[in-house]
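Report on the structure
Listed here are the chains, written in short residue letters.
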Amino acid sequence: MSKQAITLIGAGPVGALLAQLLARRGFAVQVFEKRTDPRRVSFVRGRTINLALAERGLQALRTAGLDELALQRSVMMRGRMVHPLDGPSALQRYGVDDSEVIWSISRAGLNALLIDAAEEAGVNFHFGQALRTADIDTQRITLVDEHEVQREHQANVLIGADGAGSALRAAMNLHQPLGIRVEPLGHGYKELEIPRAAGADRFAIEPNALHIWPRGGYMCIATPNITGSFNVTLFLPLRGTGSSFETLPNAAAAGAFFHRDFPDLLPLMPRFAADYDGHPVGTLATLYLDQWHIDGRAVLVGDAAHAIAPFHGQGMNCGFEDAVVMAELLADSGVQVADAFAQFQRIRKPNADAIAAMTLENYVEMRDSVADPAYVAKLELGKRLAERAPQHFMPRYRMVTFTQLSYAYAYERGRAQDRLLGQLLNECSDPNELSLNAAISTLQATLPPLPALREDNKPDPVTVADRPIYLETTPSAEEDADYLLEGE
Ligand code: FAD
Ligand code: E0Q
């Protein structure tokens, strides 16, 4: 019996991972990738951005048997190191301890690892082959190489993992409007670098952190590389009379801006001028589609279906979840491909919408709210409730970053928790004055318990959209009551 053939467009992180998972499930997978083989080019400048790998992405890599390899190439980030304009920098831990950390990994390195693994599983890669057109009716696609030499290919099952600017999405949309909506953020980004330091230390600043220089309407971040250097990303409005890429078009103009707003960062970047003038401004947007697939013929995954802003570090993590769900659905032999695609959209779209929304909120929070006393009071009370009533309260950042609870659940639960915090603090503005016991009983009376915790203290995943959001297993009445009896 011949293996079912699948054609994938794009060998980015999501395409390469999905290709491997499908090949391991017995599919014959062909991948067409516009760029040259990332393993053969010695050094690609530009998009050597690091990615923050969190629990969801790591779990997908476990499924693929690649978690250890990925972690070996990563640098642990315990939290956000915030660098204010005046005053000392401070680490805000992401999790409760070192079991809750995220990992900085080079996009290129991770991509190469995924392609190697996919090839080993039997995937056939065709590099330097860009999708030009796709005729959904005849299921024929046209590909072009760098010399514009065309090639045709019959693709009966077509999966687009070709990123935010997806060519397959454009072709599908010609066949049947997908309801594409692009919401530009109005911000762009530029990649800079802190080189590896001389001497034994290697790292010029704390290696085990994601560094943030928040400045209101804009910010810089830096993430560590295993080699000792850091990738720095400047996020800045594209236009406007204030500080923007429009008013700071080149290093000559941007130098003074950095000198004024990032005085501790600028001296760490000896190649600032060359990087600023040499690297393009990337643009950022959120992408929504009503329809991710055309019956059983074509479907979109990862950024091609739902590109989001980068401010929660979840774009790739979300795309990796897509890949696991898609491979599982397609491998179910009792299900028609069209039903698998429909099911995929039904399961994943609410989650993609939720992380898109939470990411935009995280940006505003990071930029503005850290200084807002009402926000800080909520954060503080939330932390205490999470300590004292872990079955009933979990900070949203933790649900998103360190669990596999669905994004849709995290969004909904986060909103309910936030409303409750507002209510509690409304009644009593000083969180130190608030009776924690009373707050806990209100919490328990208002919100159902979180999904049950596994032995490793993490809640079980709630991945399927139509499963009840609140788990069947609830803590016993006695356990519940324990929280009420604990003293302050
Ligand atoms: P892509 O990575 O875009 O890959 C698409 C692939 O398709 C590419 O290889 C491309 O060459 C190929 N392709 C494109 N067009 C064609 C064509 N016509 N024919 C054939 N091939 C084609 N996510 C995180 O999880 N953590 C982070 O910390 C994080 N930080 C980010 C920071 C920034 C500044 C940005 C912009 C994004 C960040 N993201 C992060 C998001 C992450 O980069 C994306 O979600 C992820 O790369 C999506 O993977 P993908 O494989 O779907 O698409
Ligand atoms: C993370 C980890 C590009 C990027 C990636 C990230 C994060 C941020 C700010 C950015 C969010 C946070 N964050 O620190 O709240 O947790 O990935 Cl800008």
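Here the residue numbering is sequential within each chain, running from 1 through the sequence in written order. To read the labels, note that chains go from A and ligands from 1, taken in the order they are written. Restriction of local features to residues with pLDDT of at least 70 applies here, the model being predicted, together with a cutoff of 80 or more for giving and counting side-chain atom pairs; totals for whole chains, interfaces and linings are based on all residues. Side-chain metrics rest on all non-hydrogen atoms present in the structure, leaving aside hydrogens and water.

This next bit is on unusual backbone geometry. One non-glycine residue, Arg 202, adopts positive backbone phi at about 65°. On the secondary structure map, Arg 202 appears in the loop between β13 (181-194) and β14 (210-214). What makes Arg 202 partly exposed here is its relative accessible area of 31%. Even without glycine at this site, Asp 295 takes up a positive phi of about 30°. For helices the rule is a DSSP run of H or I covering at least 4 residues; for strands it is a run of E covering at least 2, with both sets numbered from the N terminus onward. As for its position among the elements, Asp 295 is in the loop between β18 (293-294) and β19 (298-300). Judged by relative accessible area, Asp 295 falls into the partly exposed class, the value being 35%. Three exposure classes are used, based on accessible area relative to the maximum for each residue type with a 1.4 Å probe and protein chains only: buried under 20%, partly exposed in between, and exposed over 50%.

Turning our attention to the site of ligand 2. Looking at ligand 2, there are 15 residues lining it, with Arg 80, Tyr 94, Asn 362, Met 366 and Tyr 397 nearest. We call two N or O atoms a polar contact when they sit within 3.5 Å, provided that within protein one can donate a hydrogen and the other can accept it, with sequence-adjacent residues counted only if both atoms are side-chain atoms. Arg 80 is positioned such that a nitrogen or oxygen atom in its side chain is 2.6 Å from an oxygen atom of ligand 2. Between ligand 2 and the protein, one listed contact pairs an oxygen atom with a side-chain N or O atom of Asn 362 at 3.1 Å. When the free accessible area of ligand 2 is taken as 410 Å², the share hidden by the protein chains comes to 93%. Of all the secondary-structure elements, those providing two or more residues to the shell around ligand 2 are β15 (219-224) and α10 (337-368). In the scheme used here, Gly and all other residues not listed as nonpolar or charged are polar, with Ala, Val, Leu, Ile, Met, Phe, Trp, Tyr, Cys and Pro taken as nonpolar and Asp, Glu, Lys and Arg as charged. The residue makeup of the shell around ligand 2, split by class, is 11 nonpolar, 3 polar and 1 charged. Consider each residue's heavy atoms; a residue with any of them within 4 Å of a molecule or strand counts as near. What sets the accessible areas is the Shrake-Rupley method with a 1.4 Å probe; for residues, cover comes only from the shown protein chains.

On to the packing of aromatic side chains, then. Ring pairs (aromatic) are described by centroid distance and by the angle formed between their planes. Stacked, tilted and edge-to-face pairs are distinguished by plane angle, under 30 degrees for stacked and over 60 for edge-to-face with tilted covering the rest, among Phe, Tyr and Trp rings (Trp via its six-membered ring) whose centres lie within 6.5 Å. On inspection of all chains with the given rule, the structure shows 15 aromatic pairs. Seen from their ring centres, Tyr 94 and Tyr 397 are 5.1 Å apart, and the 15° between their planes marks the pair as stacked. Here the residue Tyr 94 occupies a position in the loop between β6 (90-93) and β7 (102-106), and Tyr 397 occupies one in helix α12 (residues 396-402), the gap between them amounting to 303 residues. A residue is classified by how much of its surface remains accessible, and Tyr 94, at 12% relative accessible area, is buried. Arranged with centres 5.7 Å apart and planes meeting at 50°, the rings of Trp 292 and Phe 344 form a pair that is tilted. Within this pair, whereas Trp 292 is found in the loop between β17 (282-288) and β18, its partner Phe 344 is found in helix α10, the two being separated by 52 residues in sequence. Accessibility classification places Trp 292 together with Phe 344 in one group, the buried group. An aromatic cluster of at least three residues, connected via ring pairs, comprises Tyr 218, Phe 257, Phe 258, Phe 262, Phe 272 and Tyr 276. Stacked on the ring of Tyr 276, the Lys or Arg Lys 190 has its end atom at 4.7 Å from the ring centre. Each ring is checked for a lysine NZ or an arginine CZ that lies within 6 Å of its centre and within 35 degrees of its normal; such an atom marks a charge sitting over the ring.

The subject of this paragraph is the site of ligand 1. Glu 33, Ala 52, Arg 107, Leu 131 and Asp 303 are the nearest of the 29 residues found near ligand 1. Lys 34 is positioned with one of its backbone polar atoms (N or O) 3.1 Å from a nitrogen atom of ligand 1. Leu 131 places a main-chain nitrogen or oxygen 2.8 Å from a nitrogen atom of ligand 1. Within the complex, the protein chains bury 91% of what would otherwise be the 1000 Å² of accessible surface of ligand 1. Looking at the shell around ligand 1, the elements with two or more residues in it are α1 (13-24), β2 (28-33), β3 (50-53), β9 (130-135) and α9 (315-331). The dominant element in the shell around ligand 1, judged by the number of residues it contributes, is α9, at 3 residues. Here the residues of the shell around ligand 1 are counted per class, giving 13 nonpolar, 9 polar and 7 charged.

Along the polypeptide, Thr 286 turns up in strand β17. Classification of Thr 286 as buried rests on a relative accessible area of 2%. The criterion used for residue contact is that any of the two residues' heavy atoms lie within 4.5 Å. Discounting chain neighbours no more than four positions away, the residues touching Thr 286 are Arg 181, Val 182, Glu 183, Leu 185, Ala 307, Ile 308, Ala 309, Ala 356 and Leu 360.

A separate point is empty space enclosed by the protein. Only protein atoms enter the 1 Å grid, on which a cavity is a set of points fitting a 1.4 Å probe that cannot get out and a pocket is an open set with protein on both sides within 12 Å along at least 5 of 7 lines, lining residues being those with an atom within 4 Å of a point. Grid points are joined across faces, edges and corners, and a volume is the space filled by probe spheres set on the points. In this structure the tally under the stated criterion is 2 cavities of 30 Å³ or more. Taken as a whole, the largest cavity encloses approximately 50 Å³ of empty space. Around the largest cavity sit Ala 134, Asp 135, Ile 136, Gln 139, Arg 140, Ile 141, Ala 155, Leu 158, Arg 297 and Ala 298, which together line it. The class makeup of the residues in the lining of the largest cavity is 6 nonpolar, 1 polar and 3 charged. Of the pockets and cavities examined, the second largest cavity occupies roughly 40 Å³. In terms of lining, the second largest cavity is formed by Leu 287, Tyr 288, Leu 289, Trp 292, Ala 305, His 306, Ile 308, Lys 349, Ala 352, Asp 353 and Ala 356. Breaking the lining of the second largest cavity down by element, the ones donating at least two residues are β17, α8 (303-306) and α10. Looking at which element gives the most residues to the lining of the second largest cavity, the answer is α10, with 4 residues. Taken together, the residues of the lining of the second largest cavity break down into 8 nonpolar, 1 polar and 2 charged.

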